[in-house]
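# Structural overview for review
Read off the chains here:
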Amino acid sequence: MKKIIVFLGVIILSAMIVCYPCDSGDLTKTNRNLSLKVLEGKLQDCLSKGYCPDDIVKLCGITKVLGYVIDARNNDIVLVGKVDNTVPPLYLEDFVIALRNVWLKYADLQGNTYQYTPPGCSIDPDPEVWAKLHEAEFDENRLDEWRKNCEQPQKVRVLGIPFYSRFAKVMVEADYLMKRINDGSFILNVEGFESLTDMELKKTKKSLASNTYEPHPTINRFEFYPGVCNYKEDEGVALINRCQVTLITEEEFMTKTGNTIGSGKPDPLAKEYVDKFTEKYEQIARKEPIYCELEGLYRFVALTKLMKHNNALSVAKLPLDYLLNQFPIKKNTGISSTLVGISNIQKVQHRTEYSGGYSTQSVWSICCGGVSMDVGVSNSTIEKDRTGKLREQKEKILTARPDKNVVYWDSLTQLN
């Protein structure tokens, strides 16, 4: 008997996430409408007393923002959303952070220009660690060394928003989980979906059986990117209509110093993986609520960009000075400046019978690396509603308002 050991290294270096939410067209007939003007007043009052009730902190129960309408009579902007108790709540603080980000409150001044950075985060491995992994041979006796290198602390960076914020914490947790899903160290149990590592091992086993196996260590960058994403607007009203989540990938190569450069094209198997992830995104988000929260953060950015695109604050004559400049952002101690790198080593064996004995071939899949995330929106997908229906729905929402001092009210009008 002879034993042949073959090693397959699949290195997921990083995952770039630009997260665009799922289709928002599945709405209930009831909208929840929230007055930003009244909300500001209630915030100042309750914070001066040292405590704000849950209905204020959690955006009066709205769990998905759909758009906004201008109440010109009351110099107000009304957020419109839906309430669904089966998904995580939205937080006022996250909306404020998105608002400040879009209004350049966190932007760096470079010369005479403020440089806008969309909310994002990255979890970066040390280039020296990647250089060691790149140089190491795939030797079964060195698997512990691989694990130790992979699990070295990686630096967490937050872009465009405060580091110690709930907003940042959600992004970092979503990024970290994304890497684990990719390399198979976290099992989703979503029908028809498997990790990239499992796909690679299955492919390798098949090639071993047909004697066509060739080692091909890969580094792949993953990025959530918008597919179909569009918005509707009319005078004094704007709607997030539809935004599809897609996952894209690019194969990368590692330099001797541990840095990576893009190839400009995807690895075929990684491309197959991201296509499946895109197809299953909504099921994945239902399994893991952190991706519902991530979608909620994106929708806040989309909403505030729509508001700025349409000069909503000027049109409504509502400066939102308290939200933009005075509302205190709590320091969230749940986010760390470093996170342990993740490694997942799996093995598949293939036994080949031949006259006088057999051979055993073993393949190990080794995955480790960091993730990064960038949230953005394109205003080029905004379209004008020329049917008059959107404006009609706006008027019904405003007509349903009980009085100018109410913070929120429900209406039967479906904003779509």
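Here the structure is shown first, and the text comes after it.
Fair warning: this is a prediction, and the values are worked out from it, not measured in the lab. (Residues numbered from 1 in each chain as written. Predicted model: local features only at pLDDT ≥ 70, side-chain atom pairs only at ≥ 80, totals over all residues. Heavy atoms only, no water.)

### Some remarks on unusual backbone geometry
For clarity, the cut-off: Helix and strand definitions follow DSSP, with helices as H or I runs of at least four residues and strands as E runs of at least two, each counted in order from the N terminus. For the exposure calls, accessible area comes from a 1.4 Å probe over protein chains only, and a residue counts as buried if that area is under 20% of its type's maximum, exposed if over 50%, partly exposed in between.
The phi angle at Asn75 is positive, at roughly 45 degrees, despite the residue not being glycine. Along the chain, the position of Asn75 falls in the loop between strand 4 (64-71) and strand 5 (76-82). What makes Asn75 partly exposed here is its relative accessible area of 29%. Positioned with a positive phi, Asn189 is a non-glycine residue whose angle comes to about 60 degrees.

### Some details on the layout of surface pockets
How we decide: Any residue with an atom within 4 Å of a point lines the site, the site being either a cavity, points on a 1 Å grid over the protein atoms alone where a 1.4 Å probe fits but cannot get out, or a pocket, an open set with protein on both sides within 12 Å along at least 5 of 7 lines. Grid points are joined across faces, edges and corners, and a volume is the space filled by probe spheres set on the points. Gly is put with the polar residues, along with every residue not named as nonpolar or charged; the nonpolar set is Ala, Val, Leu, Ile, Met, Phe, Trp, Tyr, Cys and Pro, and the charged set is Asp, Glu, Lys and Arg.
Put simply, the second largest pocket is a space of about 450 Å³. Among the elements of the structure, strand 4, strand 10 (218-234), helix 11 (312-316) and helix 13 (389-399) are those that each provide at least two residues to the lining of the second largest pocket. In terms of residues, the lining of the second largest pocket owes the most to one element, helix 13, which gives four residues. In the lining of the second largest pocket, the residues fall into seven nonpolar, four polar and eleven charged.

### Overview of the state of the cysteines
Test applied: For this text, the term disulfide refers to a pair of cysteine sulfurs within 2.5 Å.
Taken as a whole and judged by the stated rule, the model has one disulfide. A disulfide bridge connects Cys46 with Cys52, and the sulfur atoms are separated by 1.8 Å. Around the S-S axis, the bridge from Cys46 to Cys52 shows a dihedral of about 80 degrees and counts as right-handed. According to the relative accessible area criterion, Cys52 is buried, its value standing at 12%.

### Observations regarding the environment of Pro88
Selection rule: We call two residues contacting when some pair of their heavy atoms lies within 4.5 Å.
Its location among the elements puts Pro88 in the loop between strand 5 and helix 3 (92-102). Linking Pro88 and Gly296, residues 208 residues apart in sequence, is a C-alpha distance of 9.1 Å. In contact with Pro88, not counting residues within four places along its chain, are Thr63, Pro289, Cys292 and Glu293.

### Brief notes about the packing of helix 6 (residues 166-183) against helix 10 (residues 289-309)
Note the threshold: Axes, fitted as lines to C-alpha atoms, cover a helix only where it is in contact. Angles between the N-to-C directions of the axes lie from 0 to 180 degrees. Comment on the angle field: the value is read as roughly parallel under 35 degrees, roughly antiparallel over 145, roughly perpendicular from 65 to 115, and oblique elsewhere. Helix crossings get a hand from a simple test, with the near helix turned counterclockwise from the far one by less than a right angle marking a left-handed crossing and a clockwise turn marking a right-handed one.
Taken N-terminus to C-terminus, the directions of helix 6 and helix 10 make an angle of 130 degrees; their axes are 9 Å apart at the nearest point. The angle between helix 6 and helix 10 falls in the class oblique. Seen along the crossing, helix 6 lies across helix 10 with a hand that is left-handed. In this structure, helix 6 uses Arg166, Phe167, Val170, Met171, Glu173, Ala174, Leu177, Met178 and Ile181 to contact helix 10, whose residues at the interface are Ile290, Tyr291, Glu293, Leu294, Leu297 and Val301. Residues that form the contact of helix 6 with helix 10 fall into these classes: twelve nonpolar, no polar and three charged.

### Concerning the nonpolar core
Rule in force here: Put simply, buried Ala, Val, Leu, Ile, Met, Phe, Trp, Tyr and Cys residues joined by side-chain atoms within 4.5 Å make one nonpolar core.
Grouped together as the largest cluster of nonpolar side chains are 79 residues, with contacts concentrated most on Leu43, Tyr68, Ile77, Tyr291 and Met307. The element best represented in this core is helix 10, accounting for eleven residues. Not counting the four nearest positions on each side in its chain, Tyr68 is found in contact with Ile77, Val78, Leu79, Val80, Gly236, Val237, Ala238, Leu303, Leu306, Met307, Asn310 and Ala312. Within the second largest apolar cluster, twelve residues are counted, among which are Val69, Leu239, Leu390 and Trp409.

### Points about the pairing of strand 4
The two faces of the sheet receive side chains in turn, since in a regular strand these alternate between them. Heads up, the rule is: Whether two strands pair depends on DSSP finding at least two bridges between them.
With respect to burial, strand 4 is a largely interior element, eight of its eight residues being buried. The sheet contact formed by strand 4 and strand 5 spans seven bridges and is antiparallel. Bridged to Ile70 within strand 5 is Ile77. Here strand 4 folds back onto strand 5, and the loop between the two strands holds four residues, one of which, Asn75, carries a positive phi near 45 degrees.

### Description of helix 6
Here is the rule we go by: The span expected for a helix works out to 1.5 Å for each residue beyond the first.
With 18 residues, helix 6 extends 26 Å from end C-alpha to end C-alpha; this agrees with the ideal 26 Å at 1.5 Å per step. Of all 18 residues in helix 6, 14 are buried, a share of seventy percent or more. After helix 6 finishes, the residue Gly184 shows a positive phi value of roughly 85 degrees.

### Topic: the environment of Leu188
Within the secondary structure, Leu188 sits in the loop between helix 6 and helix 7 (196-209). Along the sequence, Leu188 and Glu288 sit 100 residues apart, while their C-alpha atoms lie 8.2 Å from each other.

### A word on the packing of aromatic side chains
The relation between two aromatic rings is expressed through the spacing of the ring centres and the mutual angle of the planes. Short version of the rule: Each aromatic pair joins two rings of Phe, Tyr and Trp (for Trp, the six-membered one) with centres within 6.5 Å, and gets the label stacked for planes under 30 degrees apart, edge-to-face for over 60, and tilted for any other angle.
Applying the stated criterion to the full structure yields six aromatic pairs. Ring geometry for Phe95 against Phe300: centres 5.7 Å apart, planes inclined by 65 degrees, an arrangement best described as edge-to-face. Remark: Phe300 occurs in helix 10 and Phe95 occurs in helix 3; sequence separation between them is 205 residues. For Phe95, a relative accessible area of 0% translates into the label buried.

### A closer look at the pattern of salt bridges
Between side chains of opposite charge, a pair can form as their charged atoms come close. Note the threshold: In the sections that follow, a salt bridge refers to a side-chain nitrogen of Lys or Arg positioned within 4 Å of a carboxyl oxygen of Asp or Glu.
Counted according to the given criterion, the structure contains 17 salt bridges. Of the charged contacts, one joins Asp410 and Arg32 as a salt bridge, the two residues approaching to 2.8 Å between their closest N and O atoms. Of this pair, Asp410 sits in strand 18 (residues 408-411) while Arg32 sits in strand 3 (residues 31-35), and the two are 378 residues apart along the sequence. Residue class for Arg32 comes out buried when judged on its relative accessible area of 16%. Notably, a salt bridge pairs Glu279 with Lys276, separated by 3.4 Å at the nearest N-O pair. Here Glu279 pairs with Lys276, and both are found in helix 8 (residues 268-279), just three residues apart, close to one helical turn. Each of Asp71, Asp76 and Arg401 takes part in salt bridges that share partners, so that together they form one network.

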